[in-house]
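Inside the fold
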Amino acid sequence: MLGPVILAASRSDRMRRVVSAAPVTKPVVNRFIAGESVEETVPVIESMAGRGLEVTLDVLGEDITDPTEALAARDAYLRLIEALAPLELGVRAEMSVKLSSFGQALPGGHDLALKNVTAVVEAAAEIGTTVTLDMEDHTTIDSTLAIHGELRERFPQTGAVVQSYLFRTEEDCRALAEAGSRVRLVKGAYKEPASVAYQDKREVDRAYVRCLRILMNGGGYPMVGSHDPRLIAITQNLALRAGRKLDEYEFQMLYGIREAEQDRLAAEGHRMRVYIAYGTDWYGYFMRRLAERPANLAFFLRSLVSR
Ligand code: FAD
């Protein structure tokens, strides 16, 4: 019930100011965000690698208003790639980017975002890794998938994300499940209207399984982004039935969520990738985590009263 309210707040500048300024917020934010800078985040990446976990890195930022901010977002990723180079992790450390932070919503935004993200994908390829394009609200999907298609002409490893809460997604999965593609399947984290998305959680879960089946039986590389134990078990089952080996798909979870499960899956021989977000612009990302799960919100509220 509270989820949609929190998601609406995630888009409010007034709430952003209130939540960001509250002194209690920071320790709670730190549970989900690896650090504010690349320097703080590199030791986290090294510790994940030491635990046999792979990572995808998100330099926080979205909803920019000016092309110079888009250049700053691009440059932040280029600095990250420079810091990753000596670690020699290859695809074990890939990047996740939100095209909104690269200017997608500005006038001429499609071309601007394509230009900025191309610079990041090229630099990533030079150190033997790749980029996945995060999926944002439904109004951005056609542009994001078009940019994904253009990037794949030169960099076929570039990943896409699909969200099972959207009615269109099964069709998108069919189009994306081709040889060489990398597709992350998630439930979806934005507040979407009933005209485009399932509103009932059970419907979203059922659609997730239908999409998973399409991806597992297709020719691409499925990346299963979920903390849901039921969906994890179904994934293992469908992968087995599709004749996939353990390195022919992977699990993905967010930093700070179900860490014991991350270790368990890695110990079983699964490829387990942790999505690590860092940076100072954490508000939207943090609010979506609160909206996803009452326990996350309770954790935040408890820290308010236990000061
Ligand atoms: P939920 O429905 O949130 O939870 C299902 C069950 O999982 C719970 O009942 C519980 O048993 C277990 N669980 C969940 N959280 C916890 C917890 N904290 N502790 C213990 N058990 C827990 N969304 C987008 O819209 N675009 C993206 O590009 C995107 N990228 C993502 C990348 C990754 C790697 C991941 C993991 C998620 C991403 N998301 C993205 C967010 C996603 O859409 C969901 O909002 C988020 O993953 C929550 O859904 P869930 O599948 O984990 O299950």
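Everything in this summary refers to the structure shown in the same document. Since the structure is predicted, the reported quantities are computational estimates derived from the model, not experimental observations.

1. Re unusual backbone geometry
A positive phi angle is found at Glu88, which is not glycine, with a value near 50 degrees. Mapped onto the secondary structure, Glu88 falls in the loop between helix H5 (67–84) and strand S2 (93–97). The class of Glu88 is exposed, set by 10 C-beta atoms lying within 10 Å.

2. Points about the site of the ligand
In the region of the ligand, 22 residues are neighbours, and Asp134, Val186, Gly225, Ser226 and Gln252 sit closest. At 3 residues, strand S7 (residues 250–254) tops the list of elements feeding residues into the shell around the ligand. Looking at the shell around the ligand, its residues break down into 10 nonpolar, 6 polar and 6 charged.

3. With respect to the pairing of strand S6 (residues 221–225)
With respect to burial, S6 is a largely interior element, 5 of its 5 residues being buried. Because side chains alternate across S6, one face comprises the buried residues Tyr221, Met223 and Gly225, and the other comprises Pro222 and Val224, equally buried. Taken together, the 4 bridges between strand S5 (residues 182–186) and S6 define a ladder with parallel strand orientation. Looking at S6, one finds that Val183 is bridged to Pro222. In the sheet, S6 pairs with S7 via 3 bridges, with the strands oriented parallel. Bridged to Met223 within S7 is Glu250. Once you follow S6 into helix H10 (residues 229–241) and on to S7, the crossover reads as right-handed.

Conventions we followed
Each chain carries its own residue numbering, running from 1 in the direction its sequence is written. Residue-level local features of this predicted model are given only where pLDDT is at least 70; pairs of side-chain atoms are given and counted only at 80 or more, and the full residue set underlies all totals for whole chains, interfaces and linings. Only runs of H or I of at least four residues qualify as helices and only runs of E of at least two qualify as strands under DSSP, and these elements are numbered from the N terminus. Comment: burial labels come from other C-beta atoms within 10 Å of the residue's own C-beta, placed from the backbone, where a count of 20 or more is buried, 12 or fewer is exposed, and between is partly exposed. For each residue, a C-beta atom is placed from the backbone, and the residue is labelled near a molecule or strand when this atom is within 6 Å of it. Under the convention adopted here, Pro, Cys and the residues Ala, Val, Leu, Ile, Met, Phe, Trp and Tyr are nonpolar, Asp, Glu, Lys and Arg are charged, and Gly plus all remaining residues are polar. Paired strands are those between which DSSP finds at least two bridges. We call a crossover right-handed when, viewed with the strands running away from us, the connection from the first strand over the helix to the second turns clockwise.

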